[in-house]
Amino acid sequence: MAKLVLSMDGLVLKEIQLQKERMSIGRKAHNDIQIDNMAISGEHAAVVTILNDSFLEDLNSTNGTLVNGHPIKKHFLKDGDVIELGKYKMKYFTSAAAQNDAPAYDKSTAARSEAVRGVGPSAAGTPSAGGAATPTPTLPPAAIQLLSGANAGHQLQLTKTLTTLGKPGQVAVIARRPQGYFLTHVEGASFPVLNGRVIDAQPRRLEDHDRIEIAGVKMEFFLKN
């Protein structure tokens, strides 16, 4: 399991296991990781972990979020990355590094990083696919069919571990897990609509013929028999 090590002025304060798919960071008490300091916004940032990958998103904080000294809006986390929130630092360790106490960076994460950073579709708003290696075939194949927009009728095959949907400002992913296909919001103030209802930050398992709307594009999830 991946973890964050929180420190200030070189003094380690605590270790945080990334046990949830989405963990919020901020000054207010309802956050999963609370840092009670006025330099930290009430809801400052969030870490989203899907399978073995984690990425960080700044939630429009007042003082910003740095990774390795550079300001970010969203960032695919790699083993050893240092997140800076005011005077506080959090070092990220992958699950492999956390278990072995040694750096463990899979080169394929570069491709997954691009899948998270390059989530935007074409100018017409077509959802784009990104992700990692194809998992073992424990699920029936599935696809997304676009129902609106210039690319209506186009099908997007869900063959990868992660498929990104949307465009900058509203992004979601469909994760392919042994238990099924799950839709999760990852970026933007507007959340996806599933079967006519706006979902929250929690992952939602998709059922055959579910209707999804992301970034103004309507689509249908279906299993391929």
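Residues numbered from 1 in each chain as written. Predicted model: local features only at pLDDT ≥ 70, side-chain atom pairs only at ≥ 80, totals over all residues. Heavy atoms only, no water.

Trainee: Help me get a handle on the sheet that holds strand S9 (residues 74-76), residues and values and all.
Mentor: Ordered by their spatial adjacency, five strands build an open sheet running S4-S3-S5-S6-S9, and the pairing between neighbours is mixed. The sheet terminates laterally at strand S4 (33-34) and S9, the two strands that pair on one side only. Here four bridges tie strand S3 (residues 22-26) to strand S5 (residues 45-50), and the two strands are oriented antiparallel to one another. Along S5, the bridge assignment pairs Arg 22 with Val 48. (Pairing = 2+ DSSP bridges. Helix = DSSP H or I, 4+ residues; strand = E, 2+ residues; numbered from the N terminus.)

Trainee: Provide a residue-level description of the nonpolar core, including the pertinent values.
Mentor: Leu 4, Ile 25, Leu 56, Ile 83 and Met 90 are the most contacted members of the largest nonpolar core, which totals 21 residues. Elements supplying a minimum of two residues to this core: strand S1 (3-8), S3, S5, strand S10 (82-85) and strand S11 (88-93). For this core, the leading source of residues is S11, giving three residues. Not counting chain neighbours up to four residues away, the residues in contact with Ile 25 comprise Asn 31, Ile 33, Ile 35, Glu 43, His 44, Ala 45, Val 47, Leu 85 and Met 90. Residues Leu 139, Tyr 181, Ile 199 and Met 219 belong to the second largest nonpolar core, which totals 20 residues. (Core = buried A, V, L, I, M, F, W, Y, C linked by side-chain atoms within 4.5 Å. Buried < 20%, exposed > 50% of the residue type's maximum accessible area, 1.4 Å probe, protein only. Contact = heavy atoms within 4.5 Å.)

Trainee: How would you explain the layout of surface pockets if you had to name every residue and give the values?
Mentor: Of the pockets and cavities examined, the second largest pocket occupies roughly 250 Å³. For the lining of the second largest pocket, the elements supplying multiple residues, two or more each, are strand S6 (53-58) and strand S16 (180-187). Per-element tally for the lining of the second largest pocket: the top contributor is S16, with three residues. (1 Å grid on protein atoms, 1.4 Å probe; cavity = no way out; pocket = protein on both sides within 12 Å on 5 of 7 lines; lining within 4 Å. Points joined across faces, edges and corners; volume = space filled by probe spheres on them.)

Trainee: Explain the sheet that holds S10 residue by residue, including any values.
Mentor: Taking strand neighbours across the sheet as the criterion, the six strands line up as S2-S1-S11-S10-S7-S8 in an open arrangement whose pairing is antiparallel. The open sheet is flanked by strand S2 (11-17) and strand S8 (70-72), the only strands paired with a single partner. Between one strand axis and the next, the sheet turns by 30° as a mean value, whatever way the strands run. Across two bridges, the pairing between strand S7 (residues 65-67) and S10 is antiparallel. (Axes fitted to C-alpha atoms, helices over the stretch in contact; angles between N-to-C directions.)

Trainee: Any details on the confidence of the model for the protein? Residues and values, ideally.
Mentor: Confidence in the prediction for the protein averages 79 pLDDT; 80% of positions are at 70 or higher. The element-level mean pLDDT for the protein is lowest in helix H2 (residues 109-117), coming to 37, with S10 highest at 95. (pLDDT = per-residue confidence, 0-100.)

Trainee: Give a description of the side chain of Asn 31 that names residues and reports values.
Mentor: Structurally, the position occupied by Asn 31 is in the loop between S3 and S4. Its relative accessible area of 7% is what places Asn 31 among the buried residues. A distance of 3.2 Å separates a polar atom in the side chain of Asn 31 from a polar atom in the side chain of Ser 24. For Asn 31, the side chain forms a polar contact with the main-chain oxygen of Gly 42, separated by 2.8 Å. Once residues lying within four places of it in the same chain are set aside, the contact partners of Asn 31 are Ser 24, Ile 25, Gly 26, Gly 42 and Glu 43. (Polar contact = N/O pair within 3.5 Å; in protein donor to acceptor, adjacent residues only side chain to side chain.)

Trainee: If you had to explain unusual backbone geometry to someone new, which residues and values would you point to?
Mentor: In this structure, Asn 68 is a non-glycine residue whose phi angle is positive, near 55°. Within the secondary structure, Asn 68 sits in the loop between S7 and S8. Non-glycine residue His 209 carries a positive phi angle of around 75°. Inspection of the secondary structure puts His 209 in the loop between strand S19 (204-205) and strand S20 (211-214).

Trainee: So, the pairing of strand S14 (residues 162-167): which residues are in play, and what are the values?
Mentor: In terms of residue burial, S14 counts as a mostly covered element, since five of its six residues are buried. As paired strands, S14 and strand S15 (residues 170-177) are joined by six bridges and run antiparallel to one another. For Lys 167, the partnering residue across the bridge sits in S15 and is Gln 170.

Trainee: Tell me about the environment of Leu 183, residues and numbers included.
Mentor: Within the secondary structure, Leu 183 sits in strand S16. Residues Leu 183 and Arg 204, spaced 21 residues apart in sequence, show a C-alpha to C-alpha distance of 5.1 Å. Not counting chain neighbours up to four residues away, the residues in contact with Leu 183 comprise Ala 172, Val 173, Ile 174, Pro 192, Ile 199, Gln 202, Pro 203, Arg 204, Leu 206, Ile 212 and Ile 214.

Trainee: I'd like a rundown of the packing of aromatic side chains, residues and numbers included.
Mentor: Going through the model one piece at a time under the given rule, you end up with one aromatic pair. Each ring, one from Tyr 181 and one from Phe 221, has its centre 5.5 Å from the other, and the planes form 55°; the classification is tilted. Within this pair, whereas Tyr 181 is found in strand S16, its partner Phe 221 is found in strand S21 (residues 217-223), the two being separated by 40 residues in sequence. When sorted by exposure, Tyr 181 lands in the same class as Phe 221, which is buried. Directly above the aromatic system of Phe 182 lies the positively charged group of Arg 177, at a separation of 4.4 Å from the ring centroid. (Phe/Tyr/Trp six-rings, centres within 6.5 Å; stacked < 30°, edge-to-face > 60°. Lys NZ or Arg CZ within 6 Å of the ring centre and 35° of its normal.)

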